[in-house]
Amino acid sequence: MTIKQISMGNGHHVMMDSDAYPNLTLDWFDPAYWESQNAVTGQAKGRGTTLFVKANNDTLVLRHYQRGGLPGKVLSDQYLFAGLEKTRPFREFRLLKAMRQRDLLVPQPIAVHVKRQGCVYRGDLITAMIPNSEDLHAVLCRQPLSSNQWYAVGNAVAQMHDAGVYHHDLNVRNVMVDKAQKVWIIDFDRCGFRQGDKWKSDNIARFLRSLEKEKAKHEQFFWQKAHWDSFLQGLKGA
């Protein structure tokens, strides 16, 4: 991966993997561009809308950084600018790159965009789509996981923790399972390397709360408290 950083004028800054897409332009961060090319293949709703787009026969994921909670009602997608390397897009790109260098199953970062306006900025991230995968929430709404599969989920979290990576929002929708039954973890906004261990138990408790929340919310959600033992075994067995 060759990282290229470009200032494009009018406050636009891009960091990209120039080996993967050397001809990438600012248009790639604009949903309207992909819509005009009839290249939007799907979308996912979260704090904002994430688009799945077709580029050079590859499927990419375009995500605009959006605030959640009460701040999101006021500032929406604006963040305080304190230098490019401290922006959320730049930090997530570099974290994903470092994690992939450690052979962790996380999305391949393609490019990020920061648009600075005075003391605030807005940002976007493009990653490669994880092929033939769906999030754990979608899987559990359809069928249960086996004990071995839950072990693999726990093992994936353990590998992330062993690398010293804190996940700010480890939940059932940020864990992906592909057709080969490999477990991936996504959405590393506000995440990073940390020392110590307390944050690891906080991550695991958050993941458990998300499972319990979805279980209470959906009449058909194939998760039982007994499955947690297999997850914990995977967590300890990495």
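Notes on the structure in this doc start here. (Residues numbered from 1 in each chain as written. Predicted model: local features only at pLDDT ≥ 70, side-chain atom pairs only at ≥ 80, totals over all residues. Heavy atoms only, no water.)

**Section: helix α7 (residues 227-237)**
Among all positions of α7, only His-227, Trp-228, Ser-230, Phe-231, Gly-234 and Leu-235 are buried. The arc enclosing the buried residues of α7, seen along the axis, measures out at 160 degrees, which places them on a common side. Of the surrounding secondary structure, the elements contacted by the buried residues of α7 are α5 (147-162) and α6 (198-217). (Buried < 20%, exposed > 50% of the residue type's maximum accessible area, 1.4 Å probe, protein only. Helix = DSSP H or I, 4+ residues; strand = E, 2+ residues; numbered from the N terminus. Arc of directions from axis to C-beta. Contact = heavy atoms within 4.5 Å.)

**Describing α5**
With 16 residues, α5 should reach 22 Å at 1.5 Å per residue; the first-to-last C-alpha distance of 22 Å fits that figure. After α5 finishes, the residue Gly-164 shows a positive phi value of roughly 80 degrees. (Expected span 1.5 Å × (residues − 1).)

**Points about the packing of aromatic side chains**
Throughout the structure, instances matching the rule amount to nine aromatic pairs. With a centroid separation of 5.0 Å and 70 degrees between ring planes, the pair formed by Tyr-33 and Trp-34 is classed as edge-to-face. Between the aromatic rings of Tyr-166 and Trp-199, the centroid separation amounts to 6.2 Å while the plane-to-plane angle is 85 degrees, which identifies the pairing as edge-to-face. Of this pair, Tyr-166 sits in strand β10 (residues 165-166) while Trp-199 sits in helix α6; the two residues are 33 residues apart in sequence, bridging distant segments of the chain. (Phe/Tyr/Trp six-rings, centres within 6.5 Å; stacked < 30°, edge-to-face > 60°.)

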